[in-house]
Amino acid sequence: MPSVWWKDNAVQLIDQRLLPTRLETATLHTVADVAASIRDMYVRGAPAIGATAAYGMALAARLSPATDRKDLLDDLKEAKQVLDAARPTAVNLAWATSRILATLRAAPTSDPEDLRGLALAEAEALAAADVEINRRMGANGAALIPEGANLLHHCNTGSLATVDYGTALGVIYACHEQGKGIHVWVDETRPRLQGARLTAWELMRAEVPMHLIADNASGSLMRQGRVDAVIFGADRVAANGDVANKIGTYNIALLAHTHGIPVYCVAPTSTVDLNTPTGDDIPIEERDAAEVTRVGGTVVAPEAVPVYNPAFDITPARYISAIVTEEGVCHAPYGLSLAAAVARAAET
Ligand code: MRU
């Protein structure tokens, strides 16, 4: 089941806030609804956010009353601004909205109805390509993982974080499909618990052997020799290979480095932002204090306590053993290998 799709002239998606207890679909009829679904994390994960925003652009085109090309493109530019502002860190969001706008700008037709059809066709193509790209990354990454490996995974990077299959979890699915006998340590991933709520749910459905662990258990497991590789996704990869990913990624990368354990980041070339030179240039989202002061609705901190809640951190490239893309496995120096992967993707 995909995480997001188009049906009955609306954007439909799995409401991930309700998992693992309820599997329900949300139907979004306006661009404001789509932006809110991204901001409020009905849908999350960089590629899933990108696909949702692409469908949001198709929705904007459908809802626009424009009767000529210029007015339609102006309405889409406005929609792009609304959608891009929903979350700042995942570059896939602006990448996807830019792609829809660029397709319409380059279209050989000026007929608004044709352009509306083209916007939806491009969003559908982007969503379909996401799944195909994930399978290629899965195969590329699985080649790095030895038989019987114990893998430590952070956040959720699976079917729910993409249109389907996943990035880092895609590699895990590929290893499992190949009968490699892997086992996964699933970081719970405070504060939003994407690991406990979403990754554990996905892996159990796929019958991948796993244990859920508290975030602060990973150091001890590494010291005991019970982690063979660390694997995670990315919300943005800077041109130099620095990786923005879910808060806590930096901690486990440092721990792994200290213990001589390989660290793999799995991300499509759409997550590589060659316009962002280093991790220091990536905007880091700060989210509501309630994410930290409450767990499952229960208050766990004093009323009105000051809270700092960054949603992502930066892992410097020197702590990353390889970045797995659909265009192959990139190694340091990342400035060269990432640029080459992006160039190969642009050719296809
Ligand atoms: O805040 P989230 O849940 O959107 O954060 C998601 C992550 O950090 C993922 O690791 C990242 O988007 C890669 S998902 C394929």
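So, here is what we can say about the structure in this document. (Residues numbered from 1 in each chain as written. Predicted model: local features only at pLDDT ≥ 70, side-chain atom pairs only at ≥ 80, totals over all residues. Heavy atoms only, no water.)

Take the site of the ligand next. In the vicinity of the ligand, 19 residues are found, and the nearest of them are Arg44, Arg87, Gln194, Asn245 and Lys246. At 2.9 Å from an oxygen atom of the ligand is found a main-chain nitrogen or oxygen belonging to Ala46. Between the ligand and Gln194, the relevant distance is 2.8 Å, taken from an oxygen atom to a side-chain nitrogen or oxygen of the residue. About the coverage of the ligand: the protein hides 100% of its 410 Å² of free accessible area. Mapped onto the shell around the ligand, the elements with two or more residues apiece are helix 2 (46–63) and strand 9 (243–246). A class-by-class count of the residues in the shell around the ligand yields seven nonpolar, eight polar and four charged. (Near = heavy atom within 4 Å. Polar contact = N/O pair within 3.5 Å; in protein donor to acceptor, adjacent residues only side chain to side chain. Areas by Shrake-Rupley, 256 points an atom, 1.4 Å probe, with all protein chains shown as cover. Helix = DSSP H or I, 4+ residues; strand = E, 2+ residues; numbered from the N terminus. Nonpolar A, V, L, I, M, F, W, Y, C, P; charged D, E, K, R; others polar.)

One open sheet holds the three strands; their spatial order is 1-2-3, and the pairing between them is antiparallel. The sheet is open, and its two borders are formed by strand 1 (4–7) and strand 3 (25–28), each paired with just one other strand. The sheet shows a mean angle of 30 degrees between the axes of neighbouring strands, direction not considered. Across the sheet, helix 2 touches strand 1, strand 2 (10–14) and strand 3, and the angle it forms with strand 1 is around 20 degrees. (Pairing = 2+ DSSP bridges. Axes fitted to C-alpha atoms, helices over the stretch in contact; angles between N-to-C directions. Contact = heavy atoms within 4.5 Å.)

For the rest of this paragraph, the subject is the packing of helix 2 against helix 3 (residues 69–84). Where helix 2 meets helix 3, the closest approach of the two axes is 9 Å, and the angle between their N-to-C directions is 145 degrees. Along this stretch, helix 2 crosses helix 3, giving a crossing that reads as right-handed. For the pair helix 2 and helix 3, the contacting residues are Ala53, Gly56, Met57, Ala60 and Ala61 in the first and Leu72, Leu76, Ala79, Lys80 and Leu83 in the second. Class assignment of the residues belonging to the contact of helix 2 with helix 3 gives a composition of eight nonpolar, one polar and one charged. (Left-handed = near helix turned anticlockwise from the far one by under 90°.)

If you check helix 7 (residues 194–205), its first and last C-alpha atoms are 16 Å apart, about what 12 residues at 1.5 Å a residue would give, namely 16 Å. Within helix 7, nine of the 12 residues are buried, which leaves the element mostly enclosed by the surrounding structure. By the burial criterion, the buried members of helix 7 are Gln194, Gly195, Arg197, Leu198, Thr199, Ala200, Trp201, Glu202 and Leu203. Considering only its buried residues, helix 7 is in contact with strand 4 (150–153), helix 6 (168–177), strand 5 (183–187), strand 6 (210–213) and strand 9. Once helix 7 finishes, Glu207 follows within two positions and takes phi at roughly 60 degrees, a positive value. (Expected span 1.5 Å × (residues − 1). Buried < 20%, exposed > 50% of the residue type's maximum accessible area, 1.4 Å probe, protein only.)

Here the structure, examined in full by the defined rule, presents zero disulfides. Not engaged in a disulfide, the cysteine Cys155 finds its nearest cysteine sulfur in Cys265; these two sulfurs lie 12 Å apart. The closest cysteine sulfur to the non-disulfide-bonded Cys330 is located on Cys265, 9.9 Å from its own sulfur. (Disulfide = S-S within 2.5 Å.)

Take the nonpolar core next. When a protein is soluble and globular, its nonpolar side chains tend to lie buried together. Of all hydrophobic cores here, the largest spans 43 residues; its most connected members are Val4, Val11, Val34, Ile38, Tyr55, Met57 and Leu76. Mapped onto this core, the elements with two or more residues apiece are strand 1, strand 2, strand 3, helix 1 (31–39), helix 2, helix 3, helix 4 (92–105) and helix 5 (112–142). Excluding residues that lie within four positions of it along the chain, Leu76 makes contacts with Met57, Ala60, Ala61, Leu101 and Leu104. (Core = buried A, V, L, I, M, F, W, Y, C linked by side-chain atoms within 4.5 Å.)

Moving on: the side chain of Asp242. One can find Asp242 in the loop between strand 8 (236–238) and strand 9. Here Asp242 sits buried without a salt bridge, and the closest side chain of opposite charge, Arg318, lies 6.3 Å off (N-O distance). Looking at Asp242, its side chain comes within polar contact range of the main-chain nitrogen of Gly279, at 2.9 Å. At 2.8 Å, the side chain of Asp242 forms a polar contact with the backbone nitrogen of Ala317. Setting aside chain neighbours within four positions, we find Asp242 in contact with Arg236, Val237, Thr278, Gly279, Ile314, Thr315, Pro316 and Ala317. (Lys, Arg positive; Asp, Glu negative; His and termini not counted. Salt bridge = Lys/Arg side-chain N within 4 Å of Asp/Glu carboxyl O.)

Further remarks concern the packing of aromatic side chains. According to the stated counting rule, one finds three aromatic pairs in the structure shown. Judged by centre distance (6.3 Å) and plane angle (25 degrees), the ring pair of Trp6 and Tyr55 falls under stacked. In this pair, Trp6 sits in strand 1 while Tyr55 sits in helix 2, placing the two residues 49 residues apart along the sequence. When its relative accessible area of 2% is taken as the criterion, Tyr55 is described as buried. Ring geometry for Tyr250 versus Tyr319: centroids 6.4 Å apart, planes at 55 degrees, classification tilted. Separated by 69 residues along the polypeptide, Tyr250 in helix 9 (residues 249–258) and Tyr319 in the loop between strand 14 (312–315) and strand 15 (322–325) bring together distant segments of the chain. Using a relative accessible area of 30% as the deciding quantity, one classes Tyr250 as partly exposed. By relative accessible area, Tyr319 is classed as buried at 14%. Sitting over the ring of Tyr42, Arg17 keeps its end group 3.6 Å from the ring centre. Taking the ring centre of Tyr165 as reference, the NZ or CZ of Arg135 above it sits at 4.1 Å. (Phe/Tyr/Trp six-rings, centres within 6.5 Å; stacked < 30°, edge-to-face > 60°. Lys NZ or Arg CZ within 6 Å of the ring centre and 35° of its normal.)

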